[in-house]
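Read off the chains here:
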Amino acid sequence: MARDAALPIAVRQLTKSYGTLRVLDAVDLDVQRGEFLTLLGPSGSGKTTLLMMLAGFVRPDCGSIRFGEREVIRLAPHKRDVGMVFQNYALFPHMDVAANIAFPLKLRGIGKAETKQRVEQALELVKLGGYGARRIYQLSGGQRQRIALARAIVFEPRILLMDEPLSALDKQLREHMQIELRQLHERLGMTTVYVTHDQREALTMSDRIAVIDLGRIRQIDTPKAIYERPANRFVAEFIGESTFITVDVDAVGCSFNGVPLTLASQPSRKGSHQLMIRPERLTILEHAATAGINVLPATVTAAIYQGDSVLVQASLSDGKIVSVRASASARVPLVREEIYLGLKAADTYLLPVEERAA
Amino acid sequence: MSHEAGLNAKGLRRDALAERLILFSLSGPAVLLVTMTMLVPVGWLFWLSFLDDAGGFSLEHYQRMLVQPSYGRAFRITFEISFITTAICILLGYPLAYALSQLPRRVANICMIAVMLPFWTSLLVRTYAWLVLLQRQGLINTWGIKLGLWDSPLALVHNLNGTLIGMIHIMLPFMVLPVYATMRSIDRDYLKAAANLGASPTLAFWLVFLPLSLPGLVAGALMVFILCLGFYVTPAVLGGGKITMVANRIATDIELFFNWGAASSLGVVLFILTGIILYAASRLVRLDRFLSGGGA
């Protein structure tokens, strides 16, 4: 399908309350034509509710949803013409694989010969050619996932919704399917909204990520921007590991507990700021004095060998514990050993000061 | 070293055997009871059906069934009544079970108690209660005429109508229970998926919900049908002597003619016919397909 056939989605002021619990709070969201957008958030954040509203299964209290030019907020689910992959796949157990995939085609009055051909094409696309006659219970979890995908795209919907489609698979298969789904999206180019609570999955697959919490979108941006420049503490803590240390900014520069630091950019506001530290951006230095790098003295509290890396926890001069992910080939430091941690100026990021308390 | 002679092998084998013995002994009393009250008498009746009055082997009881039209009539009316009762129970019970399955579980549980309520009184009491309601001067005819719905008393009892009304009432819970249980177990995501793929609610019902609820429907229909085949009290009381089902015929043979052989042969034929129906139904609807594919 051509990319220009995909439809953009525009969500405005979408709100839903269950009693006093506000599940979605006036959400605005734009999904570009052909974009892969992930709704990422903890359970209960409202991400699934938002997806279900796009599919038409949950009725919002108010708001607007447009697919392209068309307002669909009051449109029944079976008239929305969006593909959807359910968390538990929802493959019909009383039909074989081919009948499952043919189901949407049959409902659209497509002839037998064309149906047969398109079913086989869809099966080829998900690399399960020749599986048409299998029963659903004969399939493995990964195969069911592919069939559910084939069924969702066989009628060439212009929007594809996915509700944690990989959460039931084991880790290896999940990582494999992430790449495969991403490649498939690049081939088909349909506007895709993907729900997950797995931040790594979101980072791997998405063009953009919308981080949702308590019914609000806390940040929407590319994976790189979300990871490296989180808009607030929630996003920073939800995505990747992070530690925050309090630093002071004055006219001269920035300092942590009396130790001067060089920042990537000087903030305009003076006073105390939160400096975000990612474990993999810290290095364990051989010598205290290294040019062009910020040095933080610390005491090792734990050092754990993890195969691909060594996780070191160390307390800084103010007692704050930070995590450091060091190369596995490096020497594993001893507990209570005095070490020096290096942080490049380019890797420093001060959290924006939030205007209102979250 | 072979594993039979391995470390502790003997003791472990003995433990396994002991566990199996305990399990078997738990089912012992029930097995004994069924043998005493079921297998022995049935076997004895089976034996009796092949004996003539003098005690010699004969097929006269079975031959009589073929020759005398009253026996054929009894079988025909039995199957007719069972079939109609089952059909109406499906028509009444399926929508009821569906409505219940869509309610919140707590509310549905309360409603299920209401469905089960008739079981709290004996079948005989309920049957006589219908007699009170349905007779010429009964509650329904009195009110129907008072309200001007009909002019002269309707013949609601002492005939096929009364028998059917009573049997449907008694059988309905046996239909609702398995259908409801099956419908409850149908994941709602199947219906969402059907809608998402373009099926209107009506089409989603016919293409997805009905086929998935079929195992429960078949189980309920079989249960109702087979229980109907052996009905005695309701046709006897509400049929007014005009409805002779096989069970009533058996009673007559024993009480009136004291012909145990004839009664036994009826029982044997009904037993075999029921077996054939069960077998045919199980072949017709491959229940295992649905059941093993039910999980996500």
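**Quick word on the overall build of chain A**
Consideration 1: Check the secondary structure of chain A and you find eight helices and 20 strands.
Consideration 2: Relative to its 358 residues, chain A shows a buried fraction of 39%.
Consideration 3: Summarising the internal contacts of chain A: among those between residues at least 6 apart in sequence, 66% fall at separations of at least 24.

**Re the overall build of chain B**
Consideration 1: Scanning chain B from N- to C-terminus turns up 13 helices and zero strands.
Consideration 2: When its helices and strands are written in sequence order, chain B yields α-α-α-α-α-α-α-α-α-α-α-α-α.
Consideration 3: Relative to the globule expectation of 19 Å for 296 residues, the C-alpha radius of gyration of chain B, 25 Å, shows a markedly less compact shape.
Consideration 4: Considered along the principal axes of its C-alpha atoms, chain B spans approximately 90 × 70 × 35 Å.
Consideration 5: Looking at the 296 residues of chain B, the share that counts as buried comes to 30%.
Consideration 6: Within chain B, contacts between residues at least 6 apart in sequence are counted, and of these 73% link residues at least 24 apart.

**Some words on the interface of chain B and chain A**
Consideration 1: Each partner contributes residues to the interface: chain B has 20 residues there, and chain A has 21 residues.
Consideration 2: Tallying contributions element by element places helix α8 (residues 188-196) of chain B first for the side of chain B that touches chain A, with six residues.

**Some details on the pairing of strand β16 (residues 293-305) of chain A**
Residues and elements named next belong to chain A.
Consideration 1: When β16 meets strand β19 (residues 338-344), the two strands line up antiparallel, connected through seven bridges. Residue pairing for β19: isoleucine 293 is matched across the bridge by lysine 344.
Consideration 2: Pairing analysis gives seven bridges linking β16 to strand β17 (residues 309-316), with the strands arranged antiparallel. Opposite isoleucine 304, over in β17, you have leucine 311 as the bridge partner.

**Topic: the pairing of strand β10 (residues 216-221) of chain A**
Residues and elements named next belong to chain A.
Consideration 1: As paired strands, strand β9 (residues 208-213) and β10 are joined by five bridges and run antiparallel to one another. Bridge assignment links aspartate 213 to a residue of β10, and that residue is arginine 216.
Consideration 2: The turn joining β9 and β10, which pair antiparallel and follow one another in sequence, is formed by two residues; a positive phi near 50 degrees is taken by leucine 214.

**With respect to the sheet that holds strand β2 (residues 21-31) of chain A**
All names here are of chain A.
Consideration 1: Taking strand neighbours across the sheet as the criterion, the four strands line up as β2-β1-β4-β5 in an open arrangement whose pairing is antiparallel. On the outer flanks of this sheet lie β2 and β5 (70-71), each paired with one strand and no other.
Consideration 2: Bridging between strand β1 (residues 9-18) and β2 involves seven bridges; their strand directions are antiparallel. Counted as the bridge partner of alanine 10 is aspartate 30 from β2.
Consideration 3: Strands β1, β2 and β4 (62-67) of the sheet are contacted by helix α1 (residues 47-55), whose axis makes an angle of about 60 degrees with β2.

**Some thoughts on the nonpolar core**
Consideration 1: Counting 105 residues, the largest nonpolar core has A:Leu51, A:Leu54, A:Ile101, A:Ala150, A:Leu161, A:Ala210 and B:Ala194 as its most contacted members.
Consideration 2: For A:Ile101, the residues in contact, after removing those within four places along its chain, are A:Val119, A:Ala122, A:Leu123, A:Ile147, A:Ala150, A:Arg151 and A:Val154.
Consideration 3: Of all hydrophobic cores here, the second largest spans 43 residues; its members include B:Leu100, B:Val157, B:Ala221 and B:Ala263.

**Topic: helix α1 (residues 9-48) of chain B**
Because an α-helix packs 3.6 residues into every turn, residues spaced three or four apart end up facing the same way.
Consideration 1: At B:Gly28, α1(B) shows its maximal kink, close to 40 degrees; a proline, B:Pro29, follows between one and four residues later.
Consideration 2: In terms of burial, α1(B) is a largely surface element, zero of the 40 residues being buried.

**Focus on the domain arrangement of chain B**
Consideration 1: Looking at chain B, the domain boundaries give domain 1 (1-41) and domain 2 (49-293).
Consideration 2: Here the C-alpha centre of domain 2 of chain B lies 39 Å away from the C-alpha centre of domain 1 of chain B.

**Comments concerning the sheet that holds strand β14 (residues 271-277) of chain A**
Residues and elements named next belong to chain A.
Consideration 1: Sheet architecture is open: five strands sit in the order β13-β12-β11-β14-β20, paired in antiparallel fashion. One side of each edge strand has no neighbouring strand; the edge strands of this open sheet are β13 (259-261) and β20 (349-350).
Consideration 2: Bridge count for strand β11 (residues 243-249) against strand β12 (residues 254-256) is two bridges, and the pairing is antiparallel. Each residue of the ladder has a partner; that of valine 249, found in β12, is cysteine 254.

**Focus: the domain arrangement of chain A**
Consideration 1: As far as domains go, chain A holds domain 1 (3-237) and domain 2 (241-350).
Consideration 2: Here domain 1 of chain A and domain 2 of chain A have C-alpha centroids that lie 39 Å from each other.

**Examining the confidence of the model for chain B**
Residues and elements named next belong to chain B.
Consideration 1: On average, residues of chain B score 85 in pLDDT, and 95% of them reach the 70 mark or higher.
Consideration 2: Mean pLDDT in chain B bottoms out at helix α13 (residues 287-293), which sits at 47, and peaks at α8, which reaches 94.
Consideration 3: Scoring the predicted complex yields pTM 0.80 and, for the interface, ipTM 0.84.

**Remarks on the packing of helix α2 (residues 97-107) of chain A against helix α3 (residues 112-125) of chain A**
All names here are of chain A.
Consideration 1: Relative to each other, α2 and α3 sit at 125 degrees, their axes nearing to 9 Å. When the interaxial angle is binned, α2 and α3 end up oblique. Of the two elements, α2 crosses α3, and the hand of that crossing is right-handed. Touching Ala98, Ile101, Ala102, Leu105 and Lys106 of α2 are Thr115, Arg118, Val119, Ala122 and Leu123, all from α3.
Consideration 2: For the contact of α2 with α3, the residue count by class is seven nonpolar, one polar and two charged.

**Overview of unusual backbone geometry**
All names here are of chain A.
Consideration 1: If you check the backbone angles, tyrosine 89 has positive phi at about 75 degrees while not being a glycine.
Consideration 2: Examined against the element boundaries, tyrosine 89 turns out to sit in the loop between β6 (83-85) and α2.
Consideration 3: In this structure, alanine 90 takes a positive phi of about 50 degrees despite not being glycine.
Consideration 4: Here alanine 90 shows up in the loop between β6 and α2.

**Quick word on the packing of helix α11 (residues 246-255) of chain B against helix α12 (residues 260-284) of chain B**
Residue and element names in this part refer to chain B.
Consideration 1: In contact at an axis separation of 8 Å, α11 and α12 are set at 165 degrees when each is read in the N-to-C sense. Taken together, the axes of α11 and α12 lie roughly antiparallel to each other. Pair α11 / α12 crosses with left-handed handedness. Along its contact with α11, which presents Val246, Arg249, Ile250, Asp253 and Ile254, the element α12 presents Trp260, Ala262, Ala263, Leu266, Gly267 and Leu270.
Consideration 2: The residue inventory of the contact of α11 with α12, partitioned by class, reads eight nonpolar, one polar and two charged.

About the cut-offs
- Residues numbered from 1 in each chain as written.
- Chains lettered and ligands numbered in written order.
- Predicted model: local features only at pLDDT ≥ 70, side-chain atom pairs only at ≥ 80, totals over all residues.
- Helix = DSSP H or I, 4+ residues; strand = E, 2+ residues; numbered from the N terminus.
- Buried ≥ 20, exposed ≤ 12 C-beta atoms within 10 Å, placed from the backbone.
- Contact = placed C-beta atoms within 7 Å.
- Rg over C-alpha atoms; globule rule 2.2 N^0.38 Å.
- Pairing = 2+ DSSP bridges.
- Axes fitted to C-alpha atoms, helices over the stretch in contact; angles between N-to-C directions.
- Core = buried A, V, L, I, M, F, W, Y, C linked by C-beta atoms within 7 Å.
- Bend = angle between axes of the 7 residues up to and from the residue.
- Domains from an automatic or database assignment.
- pLDDT = per-residue confidence, 0-100.
- Parallel < 35°, antiparallel > 145°, perpendicular 65-115°, else oblique.
- Left-handed = near helix turned anticlockwise from the far one by under 90°.
- Nonpolar A, V, L, I, M, F, W, Y, C, P; charged D, E, K, R; others polar.

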